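# Structure assessment
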Amino acid sequence: MIYLQLFWSFLQVGMFSFGGGYAALPLIESIVVKQHGWLSIAEFTDLITISQMTPGPISVNSATFVGLSIGGFWGAVVATLGNIAPSIVLVTLISWLYMKYNSLDTLQTVLKALRPAVVAMIATAGVTLIVTAFWGEGAIVLSNTNIVAVVLFGLGMFFLLKYNVSPILVMILAGVANVLWAVLSGSV
Amino acid sequence: MDKKKLLWKLFISTFYLSMFTFGGGYVIVTLMKKKFVDDYKWISEKEMLNFVAIAQSAPGAIAVNGAIVVGFKLAGFMGVFVSILGTIIPPFIIISLISFAYEAFRDNVWISLMLEGMQAGVGAVVTAVSYEMAKDVVNEKDKTLIIMMVIAFLANAVFNVNVMLIILVSILIGLLQSYLAKREGNEN
């Protein structure tokens, strides 16, 4: 029963991938490639590349991709549902507890102590994104710096902080500007 | 606002944000902050940080977990349902479409140029939001929080310390603070 297998496999991915995104990759690989042979290693690498190029969580993308190729449309639906089922149960439960006990002093103090860590994690994600944008996979040296990316980043920061421009507009314009630059400078 | 209108707005926002979540779970979290905290003022900034902490600590994709907490807070179980749909439909459709011709997509020059530029834009968005959030933590004028933020950032960004460990340590510090405050309260 392929639907059950897909559901169960991605349920495990959803249940045991703490820390999101890349932390889930080894788990997905072991279930999808090693255990079931649903994808070859090369296909799995392609899947990661595509996930980086498209929006959405890697685990949801994998569930859709693997589900489609193994069980068609309903395979994709079942795998995606399996993937998010643990989140639905656990996070709804935590949210409910949070709303219920939010006024407790202890919980307030703990959440306050968590705030700096959360800001730090978001800032770290920012640093990682900047490093990838400026230097790609290569070495972090001046000669290897993507100057266009640096300029786009600077302009983006300026408009976001100074004029409060919509973040999605900034992202799209940065993409379009990079394409235009490549065309105008004749590198394509 | 009546419930139907709220649910519709929630669905549209999560759908729209999910379409642009390039670069991992923290990107959607920053976009959610911009939309739900700054634009709609549905959630306070502090509460949003609590939600990110919950989304990060639970297993599963941060984007999905974040959508669940925000949905639950705004409209209970229906809110969870609606914001999950909004979050998973865009990647589901996009991956389904791409899976038919993923090699062409993966190797397309224009798409990779667009994405390269967008990466710089996303970096700017996440950095700008972390800057605003860090400023708020600093403005609380609580030295412990500032020191914790700096240490957490260095641990995460420079020394690659596991995020779950950082969260656990922060929770322990919060519990300790709460215990000390209570003991002090009893002595007075």
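Per chain, residues are indexed from 1 in the order of the written sequence. Chains carry letters and ligands carry numbers; both start at the beginning, A for chains and 1 for ligands, and go up in the order they are written. Totals for whole chains, interfaces and linings use every residue, but because this is a predicted model, local features are given only for residues with pLDDT of at least 70 and side-chain atom pairs only at 80 or more, for both listing and counting. As a rule here, side-chain values come from all non-hydrogen atoms in the structure, and water together with hydrogens is ignored.

Within an unreviewed UniProt entry, the label attached to chain B reads Chromate transporter, and the organism entered is Atopostipes suicloacalis DSM 15692. In its Subcellular location (unreviewed entry) section, the UniProt record describing chain B reads: "Cell membrane". UniProt positions are given in the numbering used here, feature names are shortened, and annotations may be inferred rather than shown by experiment.

Labelled according to an unreviewed UniProt entry, chain A appears under the name Chromate transporter, originating from Atopostipes suicloacalis DSM 15692. According to the UniProt record, the Subcellular location (unreviewed entry) comment for chain A is "Cell membrane". What UniProt records for chain A under Sequence similarities (unreviewed entry) is the sentence "Belongs to the chromate ion transporter (CHR) (TC 2.A.51) family."

This next bit is on the overall build of chain A. Secondary structure elements follow DSSP: runs of H or I of four or more residues count as helices, runs of E of two or more count as strands, with numbering from the N terminus. A count of helices and strands for chain A gives seven helices and zero strands. Moving toward the C terminus, one meets the helices and strands of chain A in the order α-α-α-α-α-α-α. The C-alpha atoms of chain A give 21 Å as radius of gyration, which overshoots the globular expectation for 188 residues (16 Å, by more than 25%). Expressed as lengths along the three principal axes of its C-alpha atoms, the size of chain A is roughly 55 × 50 × 30 Å. Of all 188 residues assigned to chain A, the portion counted as buried reaches 49%. Relative to all contacts within chain A whose residues are 6 or more apart in sequence, the contacts with residues 24 or more apart total 46%. Carbon together with sulfur atoms contributes 71% to the accessible area of chain A, which is approximately 8700 Å² in total. Taken over C-alpha atoms, the radius of gyration is set against a globule rule of 2.2 Å times the number of residues to the power 0.38. Throughout, exposure labels follow a simple rule: accessible area from a 1.4 Å probe, protein chains only, divided by the maximum for the residue type, with under 20% read as buried, over 50% as exposed, and the rest as partly exposed. In what follows, a contact means two residues having at least one pair of non-hydrogen atoms within 4.5 Å. Accessible surface is estimated by sampling points in the Shrake-Rupley manner with a 1.4 Å probe; for residues, cover comes only from the protein chains shown.

The helix and strand inventory of chain B stands at eight helices and zero strands. Reading chain B from its N terminus to its C terminus gives the helix and strand order α-α-α-α-α-α-α-α. When the backbone C-alpha atoms are referred to their principal axes, chain B occupies close to 70 × 45 × 30 Å. By residue count, 52% of the 188 residues in chain B fall in the buried class. Summing over all exposed atoms, chain B offers an accessible surface of approximately 8800 Å²; the carbon and sulfur share of this is 67%. Residues counted as positive are Lys and Arg, residues counted as negative are Asp and Glu, and His and the chain ends are not counted. For charged residues, the charge sits on one atom: NZ in Lys, CZ in Arg, CG in Asp, CD in Glu. A gap of 6 Å separates the mean positions of the 16 positive and 14 negative side-chain charges of chain B.

Considered as a void within the structure, the second largest pocket measures approximately 360 Å³ in volume. Lining of the second largest pocket is provided by 18 residues; of these, L107(A), V110(A), L111(A), L114(A) and I171(B) occupy positions nearest its centre. Broken down by secondary-structure element, the contributors of at least two residues to the lining of the second largest pocket are α4 (58-101) and α5 (105-135) of chain A together with α3 (45-57) and α8 (163-187) of chain B. Each residue gets one label: Ala, Val, Leu, Ile, Met, Phe, Trp, Tyr, Cys and Pro are nonpolar, Asp, Glu, Lys and Arg are charged, and the others, such as Gly, are polar. In the lining of the second largest pocket, the residues fall into 16 nonpolar, two polar and no charged. Using a 1 Å grid laid over the protein atoms alone, points where a 1.4 Å probe fits but cannot get out form a cavity; open sets with protein on both sides within 12 Å along at least 5 of 7 lines form a pocket; any residue with an atom within 4 Å of a point counts as lining. Grid points are joined across faces, edges and corners, and a volume is the space filled by probe spheres set on the points.

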